[in-house]
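Residue-level structure breakdown
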Amino acid sequence: METSTEGATRPDISPAGSGEAMDTVVVAGPPAAPPGSLSPSRASDFMQCPLLYRFRVIDRLPEKPSEAATRGTLVHAVLERLFDAPAADRTVPRAKSLVPGQWDRLRESRPEVAELFADDPEGERLARWLTEAEALVERWFTLEDPSRLEPAERELFVEAELDSGLRLRGIIDRVDVAPTGEVRIVDYKTGKAPRPEYAEGALFQMKFYALVVWRLKKVIPRRLQLVYLGSGDVLTYDPVLADLERVERKLLALWEAIRRATETGDWRPRPTKLCGWCDHQAHCPEFGGTPPPYPLPLRAPESGAAEQGRMGPD
């Protein structure tokens, strides 16, 4: 679960309905300011649609929570808290017993999620939803044995500044460190594993984290691991230095495109099938909408400037 830290409070997102942890609830904050850092979610936003990035980071337009995203946040919280117990007590019944309490905590910290079940006076839909969360938690035990794990870190905030001045930041679900010092980065996904042809996109977030860890600790993680609770799959990748250097070059090119768009106000929509899940259709020209007035100073675009938001091959 990746936590956004740029102009948003959250729970790491994927489109609504994907079953991932929350990263879509954006709450209006301080006056607009140019972006100062990059997270995996916001990088993915810009690559998906520069205008979506603007709506989330510059305009900070509100977005409604979804049942799937909120369930992802709840499951992440349960898996994090389970490791508070001694190894022998990390059992399925104990994990499932954490669900109601973590749901209460989530409602207290994020009152807007209670609106998801405002039209459910008898609590039947909520009960089914909580049962689905319990099922995801239980499936995790078929993929990993928490009694044999002692995470070095859980929900670890990481931030590193590249030589260029670009700050990279995010939150890693779990970091395991072997007695030999080898590092494994683990991320839980409550959706289904992607088809093989989309695996590289799924690994982008993990390589981003590996780059930050390498920059901070001068250690290349031995393994990147995505645990898909929705389908019961585990996707692993063992990065090498060339992978991290390639990701860094891609992020620098991406950040330059973001910088140009910020200065010129040229945030172009990029229609895809994901538009059907977007909360901002009323503001999107592709749906006949008009974006809010641009809140930052503008400069004239450079002659022959490249189209914003298009990334070439790694």
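See the structure printed just above.
To start, this report covers the structure provided alongside it. Note that the coordinates shown come from a computational prediction; the quantities given were computed from them, not determined experimentally.

In terms of regular secondary structure, the chain is built from 7 helices and 6 strands. Ordering the α and β elements of the chain from the N terminus gives β-α-α-α-α-α-β-β-β-α-β-β-α. For the chain, the exposed area adds up to about 14,700 Å²; of that, 53% sits on carbon and sulfur atoms.

Turning to empty space enclosed by the protein, a few remarks are in order. Put simply, the largest cavity is a space of about 30 Å³. Contributing to the lining of the largest cavity are His 76, Leu 79, Glu 80, Phe 83, Arg 154, Glu 155, Asp 173, Arg 174 and Tyr 188. Sorting the residues of the lining of the largest cavity by element identifies α3 (67-82), β2 (153-161) and β3 (167-177) as the ones contributing at least two each. By residue number, the principal contributor to the lining of the largest cavity is α3, which donates 3 residues.

Along the chain, the position of His 280 falls in the segment after α7 (241-264). Judged by relative accessible area, which is 2%, His 280 ranks as buried. Beyond its immediate sequence surroundings of up to four residues, His 280 is in contact with Leu 52, Phe 55, Leu 61, Pro 62 and Glu 63.

Moving on to the packing of α3 against helix α5 (residues 124-143). For the pair α3 and α5, interaxial distance at closest approach is 10 Å and the crossing angle is 45°. Relative to α5, α3 is oriented oblique. α5 is crossed by α3, and the crossing has right-handed handedness. Between α3 and α5, the contacting residues are Glu 67, Thr 70, Arg 71, Leu 74, Val 75, Val 78, Leu 79 and Leu 82 on the first element and Arg 125, Trp 129, Leu 130, Glu 132, Ala 133, Leu 136, Val 137, Trp 140 and Phe 141 on the second. In terms of residue class, the contact of α3 with α5 is built from 12 nonpolar, 1 polar and 4 charged.

The rules behind the values
Residues numbered from 1 in each chain as written. Predicted model: local features only at pLDDT ≥ 70, side-chain atom pairs only at ≥ 80, totals over all residues. Heavy atoms only, no water. Helix = DSSP H or I, 4+ residues; strand = E, 2+ residues; numbered from the N terminus. Areas by Shrake-Rupley, 256 points an atom, 1.4 Å probe, with all protein chains shown as cover. 1 Å grid on protein atoms, 1.4 Å probe; cavity = no way out; pocket = protein on both sides within 12 Å on 5 of 7 lines; lining within 4 Å. Points joined across faces, edges and corners; volume = space filled by probe spheres on them. Buried < 20%, exposed > 50% of the residue type's maximum accessible area, 1.4 Å probe, protein only. Contact = heavy atoms within 4.5 Å. Axes fitted to C-alpha atoms, helices over the stretch in contact; angles between N-to-C directions. Parallel < 35°, antiparallel > 145°, perpendicular 65-115°, else oblique. Left-handed = near helix turned anticlockwise from the far one by under 90°. Nonpolar A, V, L, I, M, F, W, Y, C, P; charged D, E, K, R; others polar.

Note that all results are geometric; they support no functional claim without further evidence.
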